[in-house]
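Below, each chain spelled out in residue letters.
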Amino acid sequence: YGPHPDQTCDIYRPPILSNQPRPVIVFVHGGAWLRRGQRDSSAARLARQMVVHSGACGVVVGYRISRLSGASFAVLAVLLASCIGALLFVSCTTTVVLMFCTFQTAAVVSLAAFSLVLTAAWVWWAAVYHKKCDVKFPEHPEDVAGAVQWTIRNIHKHGGDPECVVLAGHSAGAHLVSLVSVDREYLDRKAKVRGLIAISGVYDSVVRTHGEGWVAALWDLVVQTVWQRVLLDTVFGQQGKPEAFATSHVKSQQCADLSVLVITAERELVGLQEQADGFVSELENSGCWVQQLCIPGTDHRTIMSSIADPSLSGKKETHPVVEAVSKFVQHTVLDRKLHIL
């Protein structure tokens, strides 16, 4: 749908056996706006599951990703090296290993590990990472909007119904599809999108931690450093503006015709459950039809990675995310035929 190698779509569809077009689920992968690996793994498996369980066409969207700046890369490298060094020191001084080494030896080992991780990070940065193309907001949602409009124009060639399109995404992908859905500046006004499925998404520029004491304060410092200094500054620029997130657009847009399914993990990343609750509240206040679901026994990663490929034998139980998405498409798109955006 665009000239860049990442601006492509993977289409998964059932056999075209009749003139009855299939509903279409456009899925945008996660990866903190920095990684594309989910596209060929969990996103692809979910698309195949949707073909099997709901007879829908799945379109997995690729988009241009951001690159960490040198300063942000250094911050993450130091944090990672510090964690590994501290873990080794604690392991050497609190386990049976202490019988074979002194505290001085443990300190030397942890310092060596710290230095080794930093060196490896620097080599990777110099040899590979800094050469990658640097992409900033709003190029990510613009890519997603371009993929959606390409799908609407072309999906009929693959047995899909361009008037029965649902946007879906996980993590950073959920941020992108939710923003494109509620901020109509991205899509053509004539684009017919019937619903939104957001899985473990990011909906606000603010991440809050809770707790008291020095441990909670230290944890908040780490969270805010990674969130503000690394992610927001890298992806959204120095401003990291609230308007880059869906919650800030709900009140100003006409969202009453939007049907939404918001899914979170039982053990979600810090702040994301609170963000999901706030997003749902704003949508409900604007007149949206919203259903919220928490998947037990999952975390931010396994809510998607635990989805099996339908070709594997012995996996007879339907994954709860697959079941929820299938029912949402059935009831919202096919049975209820709710209004388009």
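Analysis parameters
Going along each chain's sequence as written, the residues are numbered from 1 onward. Per-residue local features are limited, in this predicted model, to residues with pLDDT of at least 70; the limit for side-chain atom pairs, both in listing and counting, is 80 or more; totals at the level of whole chains, interfaces and linings are taken over all residues. Where side-chain values are given, they derive from all heavy atoms of the structure, hydrogens and water being excluded. Runs of H or I in DSSP of at least four residues are treated as helices and runs of E of at least two as strands, each being numbered from the N terminus. Just to be clear, the radius of gyration here is over C-alpha atoms, and the globule rule we use is 2.2 Å times residues to the power 0.38. Exposure classes here rest on a 1.4 Å probe applied to the protein chains alone. A residue is buried below 20% of its type maximum, exposed above 50%, and partly exposed in between. Throughout, a contact is declared for two residues whenever any of their heavy atoms are within 4.5 Å. Per-residue accessibility takes into account occlusion by the displayed protein chains alone, with areas from the Shrake-Rupley method and a 1.4 Å probe. When DSSP finds two or more bridges between a pair of strands, those strands are recorded as paired. By the criterion used throughout, a crossover qualifies as right-handed when its path from the first strand across the helix to the second strand runs clockwise, the strands pointing away from the viewer. Stacked, tilted and edge-to-face are the three classes applied to pairs of Phe, Tyr and Trp rings, where Trp contributes its six-membered ring and a pair requires centres within 6.5 Å; stacked means planes under 30 degrees apart, edge-to-face means over 60, and tilted covers the rest. Across the chain, each position has a pLDDT score giving the predictor's confidence in that residue, from 0 to 100. Inter-axis angles, ranging from 0 to 180 degrees, are taken between N-to-C directions of lines fitted to C-alpha atoms, where helices are fitted over the stretch in contact. Any angle that is under 35 degrees is reported as roughly parallel, and any over 145 degrees as roughly antiparallel; angles of 65 to 115 degrees are reported as roughly perpendicular and all others as oblique. Two helices crossing with the near one rotated counterclockwise from the far one by less than a right angle form a left-handed crossing, whereas a clockwise rotation gives a right-handed crossing. Polarity classes work like this: nonpolar for Ala, Val, Leu, Ile, Met, Phe, Trp, Tyr, Cys and Pro, charged for Asp, Glu, Lys and Arg, and polar for all others, with Gly in that last group. Whenever Lys or Arg places a side-chain nitrogen within 4 Å of a carboxyl oxygen from Asp or Glu, that contact is recorded as a salt bridge.

## Considerations on the overall build of the protein
Helices and strands together make up the secondary structure of the protein, namely ten helices and seven strands. Against the globule reference of 20 Å for 341 residues, the protein gives a C-alpha radius of gyration of 22 Å, in line with a compact fold. In terms of its C-alpha atoms, the protein occupies a principal-axis envelope of roughly 75 × 50 × 40 Å. In the protein, buried positions account for 50% of the 341 residues. Considering only intrachain contacts with a sequence separation of at least 6, the fraction spanning at least 24 residues in the protein is 83%. Surface exposure of the protein reaches about 16,500 Å², of which carbon and sulfur atoms provide 59%.

## Regarding the pairing of strand 6 (residues 259-267)
Within strand 6, seven of the nine residues are buried, leaving the element largely enclosed by the surrounding structure. One ladder, built from five bridges, connects strand 5 (residues 193-199) with strand 6; its direction is parallel. Residue pairing across strands places Ala198 opposite Val262, the latter belonging to strand 6. The sheet contact formed by strand 6 and strand 7 (residues 289-299) spans eight bridges and is parallel. Bridge pairing in strand 7 places Ile263 opposite Leu293. Once the chain exits strand 6 it traverses helix 8 (residues 272-285) before rejoining the sheet at strand 7, and the crossover so formed is right-handed.

## Thoughts on the packing of aromatic side chains
This model, assessed by the stated rule, comprises six aromatic pairs. Ring geometry for Phe236 against Phe245: centres 5.0 Å apart, planes inclined by 45°, an arrangement best described as tilted. A relative accessible area of 7% places Phe236 in the buried class. An aromatic cluster of at least three residues, connected via ring pairs, comprises Trp33, Phe137, Trp227, Phe236 and Phe245.

## Topic: the confidence of the model for the protein
Mean pLDDT over the protein: 85, with 90% of residues reaching 70 or higher. A low-confidence stretch, residues 337-341 stays under pLDDT 50, and its non-local contacts, those more than four residues away or across chains, total 16 contacts.

## Some words on the packing of helix 2 (residues 70-94) against helix 3 (residues 103-127)
Axis separation between helix 2 and helix 3 bottoms out at 8 Å; the angle between their running directions is 155°. Relative to helix 3, the element helix 2 lies roughly antiparallel. Handedness of the helix 2/helix 3 crossing: right-handed. Taken together, the residues that form the contact of helix 2 with helix 3 break down as 20 nonpolar, five polar and no charged.

## Re the pattern of salt bridges
Between side chains of opposite charge, a pair can form when the charged atoms approach closely. Counting across every chain of the model gives six salt bridges. Taking the shortest distance from any N to any O, the salt bridge between Arg48 and Asp309 comes out at 2.9 Å. Of this pair, Arg48 sits in helix 1 (residues 42-54) while Asp309 sits in the loop between helix 9 (302-305) and helix 10 (320-335), and the two are 261 residues apart along the sequence. In this structure Arg48 comes out as partly exposed when scored by relative accessible area, which is 29%.

## Considering unusual backbone geometry
Pro138 follows Phe137 through a cis peptide bond whose omega is 10°. By the element assignment, Pro138 lies in the loop between helix 3 and helix 4 (139-154). Phi is positive for Ala32, which is not a glycine, with a value near 60°. Position of Ala32 relative to the elements: it lies in the loop between strand 2 (22-28) and helix 1.

## Some points on the sheet that holds strand 2
The strands that make up a sheet pair up through hydrogen bonds in the backbone, lying either parallel or antiparallel. Strand order in the open sheet formed by seven strands is 1-3-2-4-5-6-7, and the pairing between neighbours is mixed. Among the strands making up the open sheet, the edge pair consists of strand 1 (9-12) and strand 7. For this sheet, the mean inter-axis angle between neighbouring strands, taken without regard to orientation, is 20°. Two strands pair when backbone bridges link them, and strand 1 and strand 3 (residues 57-61) are joined in this way by four bridges, in the antiparallel orientation. Of the residues in strand 3, the one forming a bridge with Ile11 is Val59. The strands touched by helix 4 are strand 1, strand 2, strand 3, strand 4 (160-170) and strand 5; relative to strand 2, the strand with the most contacts, the crossing angle is about 165°.

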